[in-house]
Every structure is written in C-alpha cells, then in structure tokens.
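# Structure assessment
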Amino acid sequence: MTETFRSMVRETRLGSDDFIFPLFVVPGTNVKKEISSMPGVYQMSVDNIVRECAEVRSLGIPAVLLFGIPPAKDEVGSGAYDKHGVVQSALRAVKKEVPDLALVTDVCLCEYTSNGHCGIVRGNEIVNDESVELLVREATSHAEAGADMVAPSDMFDGRVGAIRRALDAGGFPNLPIMSYAAKYASGFYGPFREAAESTPKFGDRRSHQMDPANTDEALREVAQDIAEGADIVMVKPALPYLDVLFRVKETFGMPTAAYNVSGEYSMVKAAASMGWVDGERVMMEMLTGIKRAGADMILTYFAKDAARYLEKHR
Ligand code: PBG
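Residues numbered from 1 in each chain as written. Predicted model: local features only at pLDDT ≥ 70, side-chain atom pairs only at ≥ 80, totals over all residues. Heavy atoms only, no water.

### Observations concerning the overall build of the chain
How we decide: Secondary structure elements are defined from DSSP: runs of H or I of at least 4 residues count as helices, runs of E of at least 2 residues count as strands, and each element is numbered from the N terminus. Here the radius of gyration uses the C-alpha set of atoms, whereas the globule reference equals 2.2 Å times the residue count to the power 0.38. Residue burial is assigned from relative accessible area. The probe radius is 1.4 Å, only protein chains are included, and a residue is buried under 20% of its type maximum, exposed over 50%, and partly exposed in between. Any two residues having at least one pair of non-hydrogen atoms within 4.5 Å are treated as being in contact. Per-residue and other accessible areas follow the Shrake-Rupley method at a 1.4 Å probe size, with only the shown protein chains counted as cover for residues. We count Lys and Arg on the positive side and Asp and Glu on the negative side, and we leave His and both chain ends out. One atom stands in for each charge, and that atom is NZ of Lys, CZ of Arg, CG of Asp or CD of Glu.
The secondary structure content of the chain amounts to 11 helices and 12 strands. Relative to a compact globule of 314 residues, whose C-alpha radius of gyration would be 20 Å, the chain shows 19 Å and is just as compact. Principal-axis analysis of the C-alpha atoms gives the chain an extent of 65 × 45 × 40 Å. The burial tally for the chain puts 54% of its 314 residues in the buried class. A separation threshold of at least 6 residues defines the contact pool for the chain, and within that pool the share at least 24 residues apart is 75%. When the accessible surface of the chain is split by element, carbon and sulfur atoms take 51% of a total near 13700 Å². The chain carries 34 positive and 44 negative side-chain charges, and their two centres are separated by 4 Å.

### Here's the deal with the site of the ligand
Which entries qualify depends on this criterion: Here a residue is near a molecule or strand as soon as one of its heavy atoms is found within 4 Å of it. Polar contacts here mean pairs of N or O atoms no more than 3.5 Å apart (in protein, one a potential hydrogen donor and the other a potential acceptor; neighbouring residues in sequence count only if both atoms are side-chain atoms). Of the grid points, spaced at 1 Å and generated over the protein atoms alone, those admitting a 1.4 Å probe that cannot get out make up cavities, while open sets with protein on both sides within 12 Å along at least five of seven lines make up pockets; any residue with an atom within 4 Å of a point is treated as lining. Just a note on the criterion: a molecule sits in a pocket or cavity if more than half of its atoms are within 2 Å of the grid points.
Taken together, 19 residues lie around the ligand, and Lys183, Arg193, Lys236, Ser262 and Tyr301 are the ones closest in. Interatomic distance of 2.9 Å between a side-chain N/O atom of Gln209 and an oxygen atom of the ligand. Given that more than half its atoms are within 2 Å of the pocket grid, the ligand belongs to the largest cavity. Put simply, the parts of the chain that give the shell around the ligand at least two residues each are strand E9 (178–183) and helix H6 (190–195).

### Considerations on helix H7 (residues 216–228)
For clarity, the threshold we go by: To estimate the expected span of a helix, subtract one from its residue number and multiply by 1.5 Å.
Over its 13 residues, H7 runs 19 Å from end to end, which matches the ideal 18 Å to within 8%, given 1.5 Å per residue. Taken residue by residue, H7 has Ala218, Leu219, Val222, Asp225 and Glu228 as its buried positions. Contacts made by the buried residues of H7 are with helix H5 (159–169), E9, strand E10 (232–236) and helix H8 (242–252). Directly after H7, the chain includes Gly229, whose backbone phi takes a positive value near 115°.

### Considerations on the environment of Ile232
Tracing the backbone through its elements, the reader meets Ile232 in strand E10. When the C-alpha positions of Ile232 and Cys118 are compared, they lie 21 Å apart, and in sequence the two are 114 residues distant. Aside from chain neighbours lying at most four places away, what touches Ile232 is Met149, Ile177, Met178, Ser179, Pro255, Thr256, Ala257 and Met297.

### Some words on the pairing of E9
We apply this condition: Strand pairing follows a simple DSSP-based rule, namely that at least 2 bridges must link the two strands.
Burial of E9 is extensive: six of the six residues sit out of reach of the surface. Direction of pairing for E9 relative to E10: parallel, over a ladder of five bridges. Bridging across to E10, Ala182 finds its partner in Val235.

### With respect to the environment of Gly170
Turning to its location among the elements, Gly170 is positioned in the loop between H5 and E9. Judged by relative accessible area, which is 42%, Gly170 ranks as partly exposed.

### Digging into unusual backbone geometry
A cis amide bond links Lys236 to the next residue, Pro237, at an omega of -10°. Relative to the assigned elements, Pro237 resides in the loop between E10 and H8. In this model, Glu197 sits at a positive phi of 50°, which is unusual for a non-glycine residue. Relative to the helices and strands, Glu197 resides in the loop between H6 and H7. Using a relative accessible area of 38% as the deciding quantity, one classes Glu197 as partly exposed.

### Re empty space enclosed by the protein
We apply this condition: Grid points are joined across faces, edges and corners, and a volume is the space filled by probe spheres set on the points. Gly falls in the polar group here, along with every residue not listed as nonpolar (Ala, Val, Leu, Ile, Met, Phe, Trp, Tyr, Cys, Pro) or charged (Asp, Glu, Lys, Arg).
All chains considered together, the criterion is met by two cavities of 30 Å³ or more. What the largest cavity holds in volume is close to 150 Å³. As for the largest cavity, its lining consists of 19 residues, of which Ser153, Lys183, Tyr189, Phe192 and Lys236 are closest to the centre. Contributing elements (two or more residues each) for the lining of the largest cavity: E9 and H6. Residues that form the lining of the largest cavity fall into these classes: 10 nonpolar, three polar and six charged. The volume enclosed by the second largest cavity comes to roughly 40 Å³. Phe21, Pro22, Leu23, Gly40, Val41, Tyr42, Met44 and Glu52 are the residues that line the second largest cavity. Looking at the lining of the second largest cavity, the elements with two or more residues in it are strand E1 (19–25) and strand E3 (38–44). In terms of residues, the lining of the second largest cavity owes the most to one element, E3, which gives four residues.

### What about the pattern of salt bridges?
Note the threshold: Think of a salt bridge as a Lys or Arg side-chain nitrogen and an Asp or Glu carboxyl oxygen that are within 4 Å of each other.
On inspection of all chains with the given rule, the structure shows 18 salt bridges. Among the salt bridges present, the one from Arg122 reaches Glu130, with a minimum N-O distance of 3.0 Å. For Arg122, a relative accessible area of 48% translates into the label partly exposed. According to the relative accessible area criterion, Glu130 is partly exposed, its value standing at 31%. Where salt bridges share partners, they join Glu52, Glu55, Lys304 and Arg308 into one cluster.

As structure tokens, this is what we get:
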C-alpha cells in the first residue's frame, strides 16, 4: 500500500497536457531528416509536419512550437514574413488537418538571416528598432496564416509592445503572446543551432541575451514584458535556471513557461545511450523538477517520450 499513499500525497503531477513540442519545418516534400545531435528530433517538410502533428495530438499533447528553416536566407530575413514561407504554409496545412492542436510560432529572424543573427546587422551591431519592425511583420504574418499564439524569442527591447499593438490593429486583439522573457546567453542552445541552421556567422548573442549570473535582471526583463502585454512569460533554459523560474512565478503569479532546451535534451540522450543514466527516469525527474519549480507549461523535445511514459504508467 505504500505506493498508494505515496501517490495520494504527491504534490506535483505531470500530464501530457503540460507540454509544448517544438518542430522544425523545412522546404520540400517528404523530407524527414534527423538532427544528429538530437536523436528523435527531425527537420520535416510540411506534409510530414502534418502527420507528426496528428500523432502529437493523439498523445494528448495540446500544442506545438513551430520553427522554420527557409529555402534561402538573406540579410533582412525575408523568409520570416513571406506569406508562402515554411511556417506560414505549415500553419495553414496543420490548421486544416489537425484543427484542435494549438499552434505557437517562434518569432525570430536568426533562422532566416544569412548571418545567423536575430535581427538586422549594421557594422558589428544588431540594430534594435529596425529589427523589431521586421519581427512585427513576422508575427502578423503568422497570425494571418493561423497561429494561435506567437512567441518572440529574440530579446530585443520593445518587441512585445510593438507586436501587441500590431496584432490589435490587425484584427487579432485576442491572440496571446508568449514572450521569451528571461532568456540567457547559454551554451545549452548548441544542438538547436544545428536543427535550426541558425549559428551566428560572427560574434554571439550576448548583446541581447542575459548573463547566466543574474537573477534580479531577469525579474526586470519579465516585468517589462508583462507591462508591454505578454500573456505568458518564459524562462529559458530550464534546468540551470530553476531558481529564476521559481522567483518569476512567485513574484508575478503569471502563466509561466519553461523551455527545456536542446542541450538539456541531448545530454540525457547521450548519457542514456552510453548506459550512464536511465534515460526515462532522468527525463521524468527533470520534467517534474521544472514543473515543481513553477512552470505551468514546458516546451520540451521530450514531450512525445514523456507522454508515452505517462500513458504506460497510468
Ligand atoms: C531563437 C531561439 C533559440 C532557441 C529557441 N529560439 C536559439 C538561440 O537563441 O540561439 C533555442 C532552443 C533550444 O536550444 O532548444 N530563434
């Protein structure tokens, strides 16, 4: 009976409806290419994305986060706000075939610019305000193609407010914004940059992403995004920043998301494949820890694995 009572007093319960599963859309048809540093995660063309979304929904996962890798990149990231861009096409196709899956889009330029930066670069600097204008166009274009929520991930100043105003004016006053509010300059994004083909050609993202040593600053960033109209605030990465997540939830009481990023996923997969840790056990412990620290929802590449695990152990 011990396990029965243990279960009755359990404080934190994970469910498949806690997860958002990230997906990488590429041009073409019938493309399904595994990311070498992220076993089980694929770049997929729209037809396969639709199939994947149907499977995700059938596992009880309520939402996906879409990233796009365009057919061509340029200095102004045109593919990001192209009506016929990869993400826009995926949005229309998935909306039609899997209507009850919530579609969140990552709003950023780094996958679309030839230099791999999140905005317009002049000299050696990323220009804030002009970049924000393009992010606004990207978010609007996602909304028009059927996105249920937009998630600006760049960390430029003023982008949440600018996107909010444009959505309100463009006929999308009820479309929520999930802001990557406390986003750290992190080594844990390494494998993602292979998946999204978005490694900066020079420099890094330290001018706009946060110093891992700071927490008070994270609270100020979050407060700013809430003031500008963010509906959900995100902390990213998750594991090395559980204290930040806890403080954000305690301080603001807002719907709070945590991004369990690529490197956190790859580490577990690698260690498990060597037989050094029990992959499933570590995965569930990690996700439980993130929820316990205050996350209302977790963006995670483990979503499908964890949903299957939960189904099996019900
Ligand atoms: C930017 C973006 C990044 C991630 C999500 N959105 C990369 C970055 O900031 O360099 C990382 C996610 C992950 O590592 O899983 N578009």
